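Remarks on the overall topology
These are the residues of each chain, in order.
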Amino acid sequence: DSNKNSFSESIGLSDDSISAIAEIVMTIEKARLYRGRGGEVMRSAVCRFIECISIANLPLAVRQQVRLLDTIDACLKHPSEDIQTSSSNALYALM
């Protein structure tokens, strides 16, 4: 927990802000934004977002890490090569 506090202090974000950022992917999935027009673009954007929060070393709870891995796994199986590439980049950054 002290690691999380030092991170939030070093970048000037509150713990609530960090939690909100970490929950964006789950919010997108609950809103079912992967369906319909723009769904593929949204999937690629979510993968890029996961890649970015991973590169930034955003402190994530184990539950959040598992949820992001589930999202990446689903995107790896998508028929679009662009989405597969985005998800593999996200996986690499997350690991």
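The rules behind each value
- Residues numbered from 1 in each chain as written.
- Predicted model: local features only at pLDDT ≥ 70, side-chain atom pairs only at ≥ 80, totals over all residues.
- Heavy atoms only, no water.
- Helix = DSSP H or I, 4+ residues; strand = E, 2+ residues; numbered from the N terminus.
- Expected span 1.5 Å × (residues − 1).
- Buried < 20%, exposed > 50% of the residue type's maximum accessible area, 1.4 Å probe, protein only.
- Arc of directions from axis to C-beta.
- Contact = heavy atoms within 4.5 Å.
- Axes fitted to C-alpha atoms, helices over the stretch in contact; angles between N-to-C directions.
- Parallel < 35°, antiparallel > 145°, perpendicular 65-115°, else oblique.
- Left-handed = near helix turned anticlockwise from the far one by under 90°.
- Disulfide = S-S within 2.5 Å.
- 1 Å grid on protein atoms, 1.4 Å probe; cavity = no way out; pocket = protein on both sides within 12 Å on 5 of 7 lines; lining within 4 Å.
- Points joined across faces, edges and corners; volume = space filled by probe spheres on them.
- Salt bridge = Lys/Arg side-chain N within 4 Å of Asp/Glu carboxyl O.

Its identity as a non-glycine residue notwithstanding, Arg32 has a phi of 55°, on the positive side. Even without being a glycine, Asn57 presents a positive backbone phi close to 55°. If you trace the backbone, Asn57 turns up in the loop between helix 4 (39-55) and helix 5 (62-76).

Quick look at helix 5 now. For helix 5, which comprises 15 residues, the first-to-last C-alpha distance of 21 Å matches the rise-based estimate of 21 Å (1.5 Å per residue) to within 8%. Of the positions making up helix 5, those classed as buried are Gln64, Leu68, Thr71, Ile72 and Cys75. The buried residues of helix 5 occupy one face: seen down the axis, they fall within an arc of 95°. Across helix 5 from its buried face, at more than 90 degrees, point the exposed residues Val62 and Arg63. Against the buried residues of helix 5 lie helix 2 (15-22), helix 3 (24-30), helix 4 and helix 6 (81-94).

Attention now goes to the packing of helix 5 against helix 6. Two numbers describe how helix 5 lies on helix 6: the axes approach to 8 Å, and their chain directions differ by 150°. Relative to helix 6, the element helix 5 is oriented roughly antiparallel. Crossing of helix 5 over helix 6 shows left-handed handedness. For the pair formed by helix 5 and helix 6, the contact residues are Gln65, Leu68, Leu69, Ile72, Cys75 and Leu76 on the first element and Ile83, Gln84, Ser87, Ser88, Ala90, Leu91 and Leu94 on the second.

With the rule as written, the count across this model stands at zero disulfides. Of the cysteine sulfurs around Cys47, a residue in no disulfide, the closest is that of Cys75, at 3.7 Å.

Moving on, we come to the side chain of Ser54. As for its placement among the helices and strands, Ser54 is situated in helix 4. Not counting the four nearest positions on each side in its chain, Ser54 is found in contact with Ala93 and Leu94.

The space that makes up the largest pocket amounts to roughly 170 Å³. Considering the residues around the largest pocket, the lining is formed by Ile53, Ser54, Asn57, Leu58, Pro59, Leu60, Gln65, Leu69, Ala93 and Leu94.

One pass over the structure, following the stated rule, counts five salt bridges. The partner of Glu29 in a salt bridge is Arg67, and the shortest N-O contact between them spans 2.2 Å. Of this pair, Glu29 sits in helix 3 while Arg67 sits in helix 5, and the two are 38 residues apart along the sequence. You can call Arg67 partly exposed: its relative accessible area is 30%. With its nearest N and O atoms 3.2 Å apart, the salt bridge here joins Asp73 to Lys77. Given a relative accessible area of 35%, Asp73 falls into the partly exposed group.

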